[in-house]
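Here is how the chains run, residue by residue.
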Amino acid sequence: MDINTLSLPELIDLRDRVISLIDVRKIEMREKTAADFHAIAAERGLTLDEVLSLDKRSKFGKKTLRMTSSRVKYRHPDNPDLVWVGSGRKPSWLKEWEESGKSIDLTRVPG
């Protein structure tokens with residue numbers, strides 16, 4: 001197809017069809033990529049949600065996680081993954097703990 005010979009309406013129609021096709025291909029690529037990631041996670045015995053939740057812990061990576069874990073001052077007694085270092089905004093799990101009438105001292109990590 002020689003696009004130099006197309007009229008303006010034909011060019012506009014071609015542009016619109018190309019844009020629509022690009023949108024369809026992006027959706028297909030996103031779905032294929034998601035399926036690939038799910039399969040990779042499953043091969044390793046994980047769900048994709050478990051893998052992605054690692055990114056939410058820290059924007060600075062594992063080094064910061066290691067440094068933070070050594071300074072933990074408060075840990076939820078029933079869920080040891082819920083921690084607070086004692087500075088910054090108090091986490092919602094600790095607010096709920098206190099609102100239920102329990103003492104923050106029950107969550108303090110010795111040391």
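Once that is clear, we can look at the pattern of salt bridges. As enumerated under the stated definition, the model contains five salt bridges in all. A salt bridge links Asp 13 to Arg 17, with the shortest nitrogen-to-oxygen separation between them at 3.7 Å. Taken together, the residues span about one helical turn, with Asp 13 and Arg 17 both in helix 1 (residues 8-43) at a distance of four residues. Of the charged contacts, one joins Arg 15 and Asp 16 as a salt bridge, the two residues approaching to 3.1 Å between their closest N and O atoms. Owing to a relative accessible area of 47%, Arg 15 belongs among the partly exposed residues under this scheme.

What follows concerns the side chain of Thr 107. Here Thr 107 shows up in the segment after helix 4 (92-99). Sequence-distant contacts of Thr 107, that is, excluding residues within four places in its chain, are made with Lys 73, Tyr 74, Arg 75, Pro 77, Trp 93, Leu 94 and Trp 97.

Turning to helix 1, a few remarks are in order. A rise of 1.5 Å per residue sets the reference length of helix 1, with its 36 residues, at 52 Å; its end C-alpha atoms lie 52 Å apart and thus fit the reference within 8%. Where helix 1 ends, the next residue or the one after it, Gly 45, has phi of about 80 degrees, a positive value.

Reading the values: the criteria
- Residues numbered from 1 in each chain as written.
- Predicted model: local features only at pLDDT ≥ 70, side-chain atom pairs only at ≥ 80, totals over all residues.
- Heavy atoms only, no water.
- Salt bridge = Lys/Arg side-chain N within 4 Å of Asp/Glu carboxyl O.
- Helix = DSSP H or I, 4+ residues; strand = E, 2+ residues; numbered from the N terminus.
- Buried < 20%, exposed > 50% of the residue type's maximum accessible area, 1.4 Å probe, protein only.
- Contact = heavy atoms within 4.5 Å.
- Expected span 1.5 Å × (residues − 1).

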